[in-house]
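Structure at a glance
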Amino acid sequence: MTRKVDAATIPYRELVTRADLHYEHTVKRSEGGLPLGNGRMGSLLWTSPSALKFQVNRADVYANDCHTSSFNQRHMDYAYGCAFVDIDFVDYGDDVFKDGSINQHLSVYEGTATIQGEGVKAEAFASAHQDAFGIRVVDEREDPQGINIKLKMLRPAEVVTKNHSAVSTLSMAGDLIVLKQVFREGGYYCSSAVVIGIHGREARARMNDELGGREPVQQYRKSQVIGQPNETEMRLCVKPGQGAFEIFIGSAASFDEAEDVIAAAAGQVQQAMQTGYDRLLQEHKAWWNRFWETSYIRLSSEDGAAERIELHYTYYLYLMASNSRGSKYPPNFGGMLLSPRGDLRHWGAMHWWNNMNLYYNAVLPSGHYELFQPYFHMYSGMYDSCAKAAEQQWGSQGIYIPEVVTFNGMEELPEDIAEEMRELYLLRKPWDQMSDRFRAFADTKRPHESRWNWRYLEKYVNGQFEYVERGFGPYGFTTHMFGTQAGIAYHYWLYYEYTQDEAWLRERAYPIIKGTAEFFRHFSHLQKDEDGTYHMYHTTSDEKYYDGTDTMDSMAAMHTIFPILLKAAELLNVDEELRPVWQELYDNLAPLPRSDHPDAVLRTGEGEPAVWVGAIGPVLDNKSHIDLKPGRFGDLSSLETAHEHPDLFETTMATIKYYENTIGQDWSRAAHEMSGTGRVLAHMGLAEPFKQVILAQLDCVNAERDYCYFADTGRVKHFENRLTVREGVNCISIQRLGNAAAALQAALCQSLPAGPGKDPVIRLFPACPADWEADFSLWCRGGFNVTSSIRSGNVAFVHLRSTLGGTCRIRNPWGEAAVTLAYKGGQTVTLEGSLLIFETKQGDEVELLPT
């Protein structure tokens, strides 16, 4: 008999609310506020003694694009922020938000925040269906005061930075108050608008310029900045009174100057008012309730550690749904849609893949495929610029996606600059012979951008702006890093493996996969040597090993990209004439770098097992360490690998053991925020080390030596809302939550192949700690939804739902015991062995039971 498993049997509300935030105090820093978002717009919600405070952020607001020449200082390019909004409850009277009398609550299950103060209460949400915040305010004070809703600029009204301008204007549109931003530089344009209106209470719009905000002032001016407006704030002054009223905050943005963003944002507010607060909230809650039914993880242990990991996992999904949905652009890894301190932040506004990918690695097993779409939209959208960059910068073909890149890719370079760049970066021209023209051009560019990352710290000397170079010629932290694009391409491939969407594979994934592989194939530093194998020269790996040979970054990328390209081309029946060429390269590709190579950057002693290392040397920066990348990148090494490539598996295990010895058997020392070590340990079936790493990662035990700007950010390991500022000021981050989520999923349920492009195999509870009880419903490649439970180390049941049909491969959860497959319609089949293989039809539900 099958065990019935459906949504009605799972107490989703009870489970999800374990991740709620509850404060009975004020937050001392805005970064600790309650996060709200709909994937396109978002904010933290925090308090001052008299006010509720928001910073409205959007994923599609960028102050500049790839063509900028105005932000040649580190951290100075900016994006995402639209407006500050205060709901100020107090004029002369007593403060309303004080420790001892405040109660703050974020409902993760319903996507709502409530804050109760002394005599006032507010409920807020970011509508799941439109770009508007809804806030219901209740004033229960015996002597109600006027409430001021303040809409404030993020900066002075007019700011000019070299060729760039940022102009903010306040205005009134009927009963609504409006803040519009316009960014320009050359042909670049981006505008945003925030509009606020209220319902259920009389209010007056006020601004303290000469005409009270009702008409523009100083329209005669021809110059910017000089004589600019000195008012940066507008108010909706609400009539005092007891009872409830609603506030709606709408936003919109566009890169098209012909589009009226004020009308678009006002339309969001007007639509919300027409819908009505109660109905809008009901529809919003219904969306979130459905969201949680897609998958779940439930954990328990006597020490409470499992429950703590579980609630962080649930909270991670809430934050991803709040920050990455329905937009053409993913949230910036540092700040997301939650930055509370303006739009300047450490590391600027570009996208850094090695940070951002940590947000997305846990998305597909959760079944929330929609959360990946902004990521894919952005990288697909820059395809043409990346193809041009491959040609101009590296003299290659295909596409080049750098580690650090603007939302719309890279600018097309003047041909003389591109020619010299190739000569310098490919080491065909001595670095000290750089032309004055090239240096002057580079000096206008952002030093964080991968292209120009050989520039380091900047300073003014006698009024002249000067850079300190990193000192390794053309090598910067990310200039010669090529693994990023293979990591991006592999995410496209994984999306296909989970969805089996052939149209997606053909139209979206294949161009990125092929473009990445063709870049490597035509790259001049990939050479077939006398030993008959292809070696990569003069690259870097994960921001180190400058000028290395066969760096782990490049070799892992190629060992990942070519097998999936061959598999994809076969599935699509395309590029038949190129397949033998790709196969020959892959068959003769040099192995991943190991410590038993005579020139490895790290050598193990005679008789010791070989371990993975970062590169074959010598290298300019003299770095020397092991590398666990094969355990977390491209499905290169896992438990499943042991069956077909035991040498890869054994080398990864030896590397883990070597690492364990270097940290004195204390796995908490491996728990940096960006570290994927927990996922590696789960992939290799190491339950106790996995648990130690994840708990330490969530507790931020290594913050003092890990965080980039620990002193600048106030030496805070993590805030009340479980967010960190590992990267620096205004860089709200969930990197460690993404790492922990992906590791947890891998500890409970894997659907990994023996190598890239091979058939995936489901494996249950491969790294579940012995003291845990666990239940889950997660998604596996091939469209299989798997629900299972473990008690006292024994798998209680396995329920599998085939949403797409096809062959299912699963490691026997009961070892070698015979297993009965009980189909929902009554059919039963018995299988034996460690690997169970059976066919399914779309819609099949199968219970696996030991015979």
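Above this text is the structure in question.
A brief report on the enclosed structure follows. Here the structure is a predicted model, which is why all the values come from computation and not from measurement.

Reading guide: rules and limits
Residues numbered from 1 in each chain as written. Predicted model: local features only at pLDDT ≥ 70, side-chain atom pairs only at ≥ 80, totals over all residues. Heavy atoms only, no water. Helix = DSSP H or I, 4+ residues; strand = E, 2+ residues; numbered from the N terminus. Rg over C-alpha atoms; globule rule 2.2 N^0.38 Å. Buried < 20%, exposed > 50% of the residue type's maximum accessible area, 1.4 Å probe, protein only. Contact = heavy atoms within 4.5 Å. Areas by Shrake-Rupley, 256 points an atom, 1.4 Å probe, with all protein chains shown as cover. Lys, Arg positive; Asp, Glu negative; His and termini not counted. Charge placed at Lys NZ, Arg CZ, Asp CG, Glu CD. Expected span 1.5 Å × (residues − 1). Core = buried A, V, L, I, M, F, W, Y, C linked by side-chain atoms within 4.5 Å. Pairing = 2+ DSSP bridges. Axes fitted to C-alpha atoms, helices over the stretch in contact; angles between N-to-C directions. Parallel < 35°, antiparallel > 145°, perpendicular 65-115°, else oblique. Left-handed = near helix turned anticlockwise from the far one by under 90°. Nonpolar A, V, L, I, M, F, W, Y, C, P; charged D, E, K, R; others polar. Polar contact = N/O pair within 3.5 Å; in protein donor to acceptor, adjacent residues only side chain to side chain.

Take the overall build of the protein chain next. From N to C terminus, the protein chain includes 20 helices and 36 strands. Its C-alpha radius of gyration of 28 Å places the protein chain within 12% of the 29 Å reference for a compact globule of 851 residues. Expressed as lengths along the three principal axes of its C-alpha atoms, the size of the protein chain is roughly 80 × 75 × 50 Å. Scored against the burial criterion, the 851 residues of the protein chain give a buried share of 63%. Once local pairs closer than 6 in sequence are excluded, the contacts in the protein chain between residues at least 24 apart make up 67%. Accessible surface computed for the protein chain: about 30,800 Å², of which carbon and sulfur atoms make up 47%. Distance between charge centroids for the protein chain: 3 Å, based on 81 positive and 112 negative side chains.

The next point concerns helix 20 (residues 735–748). Along its 14 residues, helix 20 runs 20 Å from first to last C-alpha, staying within 8% of the 20 Å computed at 1.5 Å per residue. For helix 20, a buried count of 14 out of 14 residues is recorded, marking the element as mostly surrounded by other parts of the structure.

A general trend in soluble globular proteins is that nonpolar side chains are found buried together. The biggest cluster of nonpolar side chains holds 259 residues, and the ones touching the most others in it are Phe89, Ile135, Ile247, Tyr379 and Ile762. The element best represented in this core is helix 13 (residues 552–572), accounting for 13 residues. Contacts of phenylalanine 89, omitting those with residues within four sequence positions, involve Ser50, Ala51, Leu52, Val96, Phe97, Val120, Val137, Arg141, Gln145, Gly146 and Ile147. In terms of nonpolar packing, the next biggest core, distinct from the first, is built from 15 residues, Val195, Phe248, Tyr277 and Leu281 among them.

This brings us to the sheet that holds strand 10 (residues 147–152). The 7 strands lie next to each other as 2-3-4-5-10-16-15, forming an open sheet whose pairing is antiparallel. Whereas interior strands pair on both sides, the edge strands pair on one side only; in this sheet they are strand 2 (34–37) and strand 15 (203–206). The mean angle between the axes of side-by-side strands here comes to 20°, regardless of whether they run parallel or antiparallel. For strand 15 and strand 16 (residues 233–238), the ladder comprises 4 bridges, and the chain directions are antiparallel. Bridged to alanine 205 within strand 16 is leucine 236. The sheet contacts of helix 4 (residues 305–323) involve strand 2 and strand 3 (41–47), and relative to strand 2 the element is tilted by about 45°.

Looking now at the sheet that holds strand 11 (residues 158–161). Here 10 strands make up an open sheet; going across it, the order is 1-6-7-8-9-17-14-13-12-11 and the pairing antiparallel. Looking at the sheet topology across the chains shown, the edges are occupied by strand 1 (21–23) and strand 11. Each neighbouring strand pair of the sheet contributes to a mean axis angle of 10°, computed without reference to strand direction. As defined by bridge partners, strand 8 (residues 120–126) adjoins strand 9 (residues 132–139) across 7 bridges and the pair is classed as antiparallel. Looking across to strand 9, one finds that alanine 124 is bridged to isoleucine 135.

Attention now goes to the environment of methionine 653. As for its placement among the helices and strands, methionine 653 is situated in helix 16 (residues 646–662). Residue methionine 653 is classed as partly exposed on the basis of its relative accessible area, which comes to 26%. Taking the C-alpha atoms as reference points, methionine 653 and asparagine 573, 80 residues apart in sequence, are found 38 Å from one another. Look past the residues within four positions of methionine 653 in its chain and what remains in contact with it is Met684 and Leu686.

Attention now goes to the packing of helix 7 (residues 373–381) against helix 12 (residues 502–522). Contact pair helix 7 / helix 12: the axes reach a minimum separation of 10 Å and the direction vectors enclose 60°. The angle between helix 7 and helix 12 falls in the class oblique. Considering the relative orientation of helix 7 and helix 12, their crossing is left-handed. Counting all contacts with helix 7, which are made through Gln373, Phe376, His377, Tyr379 and Ser380, the residues of helix 12 involved are Trp504, Arg508 and Ile512. Here the residues of the contact of helix 7 with helix 12 are counted per class, giving 4 nonpolar, 3 polar and 1 charged.

So, on to the side chain of asparagine 812. As for its position among the elements, asparagine 812 is in the loop between strand 32 (806–811) and strand 33 (819–823). Only 3.1 Å separates the side chain of asparagine 812 from the backbone oxygen of glycine 815, close enough to count as a polar contact. Those residues in contact with asparagine 812 that lie beyond four places of it in its chain are Ala817, Val819, Gly833, Ser834 and Leu836.

Now for unusual backbone geometry. Keep in mind that most residues, glycine aside, have a negative phi and that most peptide bonds are trans. Look at the link from glycine 617 to proline 618: it is a cis peptide, with omega at 0°. The topology assignment puts proline 618 in the loop between helix 14 (579–587) and helix 15 (641–644). Its identity as a non-glycine residue notwithstanding, tryptophan 347 has a phi of 75°, on the positive side. Relative to the helices and strands, tryptophan 347 resides in the loop between helix 4 and strand 19 (351–352). Of note in this structure, aspartate 550 is not a glycine but carries a positive phi near 45°. Along the chain, aspartate 550 falls in the loop between strand 26 (544–548) and helix 13.

Look at helix 11 (residues 483–499) against helix 12: their axes get within 9 Å of each other, and the N-to-C directions meet at 155°. Between helix 11 and helix 12, the angle is such that the two are roughly antiparallel. Handedness of the crossing formed by helix 11 with helix 12: left-handed. The segment helix 11 lies against helix 12, with Gln485, Ala486, Ala489, Tyr492, Trp493, Tyr495 and Tyr496 engaging Glu502, Trp504, Leu505, Arg508, Ala509, Ile512, Ile513, Thr516, Phe519 and Phe520. Looking at the contact of helix 11 with helix 12 residue by residue, the classes come out as 13 nonpolar, 2 polar and 2 charged.

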